[in-house]
Structure formats: structure tokens, C-alpha cells
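# Topology and contacts: notes
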Amino acid sequence: MLLLRSLRLCLVARTGSCPLSALGPGPFLPSLQAGLPLLQSPQQWHTFHSGSWLSSASSKELLMKLRRKTGYSFVNCKKALEACGGDLKQAESWLHKQAQKEGWSKAARLHGRKTKEGLIGLLQEGDTTVLVEVNCETDFVSRNLKFQQLVQQVALGTLLHCQNLKDQLSTYSKGFLNSSELSELPAGPEREGSLKDQLALAIGKLGENMILKRAAWVKVPAGFYVGSYVHGAMHSPSFNNLVLGKYGALVICETSELKANLEDLGRRLGQHVVGMAPLSVGSLDDEPGGEGETKMLSQPYLLDPSITLGQYVQPHGVSVVDFVRFECGEGEDAADAA
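Calculation rules
- Residues numbered from 1 in each chain as written.
- Predicted model: local features only at pLDDT ≥ 70, side-chain atom pairs only at ≥ 80, totals over all residues.
- Heavy atoms only, no water.
- Core = buried A, V, L, I, M, F, W, Y, C linked by side-chain atoms within 4.5 Å.
- Buried < 20%, exposed > 50% of the residue type's maximum accessible area, 1.4 Å probe, protein only.
- Helix = DSSP H or I, 4+ residues; strand = E, 2+ residues; numbered from the N terminus.
- Contact = heavy atoms within 4.5 Å.
- Pairing = 2+ DSSP bridges.
- Axes fitted to C-alpha atoms, helices over the stretch in contact; angles between N-to-C directions.

### Looking at the nonpolar core
- Grouped together as the largest cluster of nonpolar side chains are 29 residues, with contacts concentrated most on F147, L150, V154, L182, M210 and L212.
- Counting residues per element, the ones that place at least two in this core are β1 (117-125), β2 (128-136), α8 (145-163), α10 (195-206) and β4 (211-219).
- Per-element accounting of this core gives the leading share, seven residues, to α8.
- Sequence-distant contacts of F147, defined by excluding residues within four places in its chain, comprise G118, L119, V134, N135, C136, V141, S142, L206 and M210.
- By size, the runner-up hydrophobic cluster in this structure holds 20 residues, among which are Y229, A249, L265 and V320.

Printed below as a string of C-alpha cells:
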């Protein structure tokens, strides 16, 4: 019997397993058996580590709701709810703050990388029209919905800024915002912080360097009209009136009366500005120019080179007074050469 028990003990030592029956009867067996329920309580271990709030169906529903609302991963949403005791609003705020921290950190690491791609955004509302440019590293990211949402936020921020300017207009007004000015604009009524905070969030999510390059805005009183055109235009119902593309133009016209064809005329003038890239408006009295002409009204009309743009416009009873042209990535090649 002693030999058998010794063999059993040796077997235990070799295998590392210790079934209680292998030890045979002994004075210590009852105490081990008494402690056994404590070792076989995986339910208590699970509750201790994962938090009791996850055990209910309503809490899992909270997790799904937070995930749908924010777009962050289940792991991060779970962390947020645990950190905030299951409070949905606090968890959402916690996620945004964490993402912003990670975004700023990533933005610092990516700073200096070339941003030749991106999108032009055009937004019109009432008497106000804005044109914005946001750049990224690759065309692949420019087609991502999150990047396009960033362009929308920048356009909305610029529009609100322009609408808040209390100008008594007797003629049109035009303004520009550079990168630093654009970055400091408020993100909007439904967003916290500034546009640069939204930029950091986008960098954190998409992993590319991005820049809020520039913006232009135009406000017009009665008697003026802003024609517009975006080349390679992308429309989305979720973006309302926003139009996205690689080139954009605004053409400011003075007209004695609103005419039915003004929208079509404005689009054709915008096409000309995008395609012919004039540097100034010029005058109807200027001599017609050739392909190298930089005065808009003297240039051959893009859609009918047999006449000048001035000759095309004149019969419509409209005067072209100004324009804005944006080309995505404009100036980057010159900066590289320098």
C-alpha cells in the first residue's frame, strides 16, 4: 500500500496534475474538498474582471448604441463605458477626448509629410458662398467618408464665420482665410472645440498627415449673383448642399434682374475659370487674346474658342466683376522645387 501511494505521488510530481482521488484517503482530503467550491467559481471571476454592468441585456444595448453613434471599436466603447460607469453621454465625451489625444500625438509624428491630395468643397446658402481646400497624402484617403466629413465641417465652419460678419452690403464682399486662421474657427454648434481639433480626430482615425489649407467666402447683396462650378463633382445626400471635387470656382456677376438661366450661365463661367485659369477679369474693351491670355474676358471662351468670353457674356445682360479659383494641391510642386 505504501509503495502504491508513493507511485501515485511520483506520478503527480511528473505530470503536474493532482486529482484528489490519486492521493487516496488521508487526513488532508476533507479540507481540500471543503475548499474546492472556491476554486470552481468561474462566474465570480468573470463578474469581478468584466464589471457587473456588462451582464445585463440593457448594458449590451448601451455598448451597441455607443458603437453606432461614435464609430469607435467595441473594445474602446467598452473601455469608455467601464470608465464612466455605464453613462452613455460621459462615455461618448471620454472617447472623443481620448481620440483627440491620440490624434494630436499622431499629427505630431506625421507633421511634414507631403499633402498633395485632398478635396475642394463648395457650399452655398442664401447670399453666402464658400470654397475650402483640405489636403491629405493620398487620393485613397480623399475618397474616405471620414475625410469628406472633415471637409464638410470646414465648409460649415467657414460659412458660419462669414454669416456672423455683420456687413451692410452695398456691393459684394470677398475674403480669404489661411491655414492658421481656418484652424482656429469654431467647429460648429454640434461640435466641441475648433476645426483644428476636428483635424486631429481625422488624423487619428485615418493615419495620414492632413492640412486645412485655405478658404474663400463671398457675400452678395441684391443685384449680384455668384456662379459656381466644381470639376469632378461628388454629391452626397448626407452632405446637403456641399459639392466636392478637385477644382472649384466662384464667379461674381452683377445683373440688373434675376433671370431664369443665371444658374446655368454661372456654371458655364465657372467651367471657364477652372479650365482657362485667368489671373484677372479684364475689360470688354480689351483686345481678344490667344491661348496665353490671362485676362478672363479677353480669353477664348472655353466651350467655343471662336469667340471671347466677353463676347459670350455680353448678350446675357450680365457683368463679370470678380472670381475665385481653387485647384487642389496648388503650390505644392512649387514648394518642392524651392
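### Describing the sheet that holds strand β7 (residues 243-245)
- Spatial ordering of the open sheet is given by β3-β4-β2-β1-β7-β6, a layout of six strands whose pairing is antiparallel. Each having just a single partner strand, β3 (173-177) and β6 (234-235) make up the two edges of the open sheet.
- Note that β6 and β7 share two bridges and pair antiparallel. Following the sheet pairing, H235 is matched in β7 by V243.
- This element, α8, spans β1, β2, β3, β4, β6 and β7 of the sheet and lies at about 145 degrees to β2.

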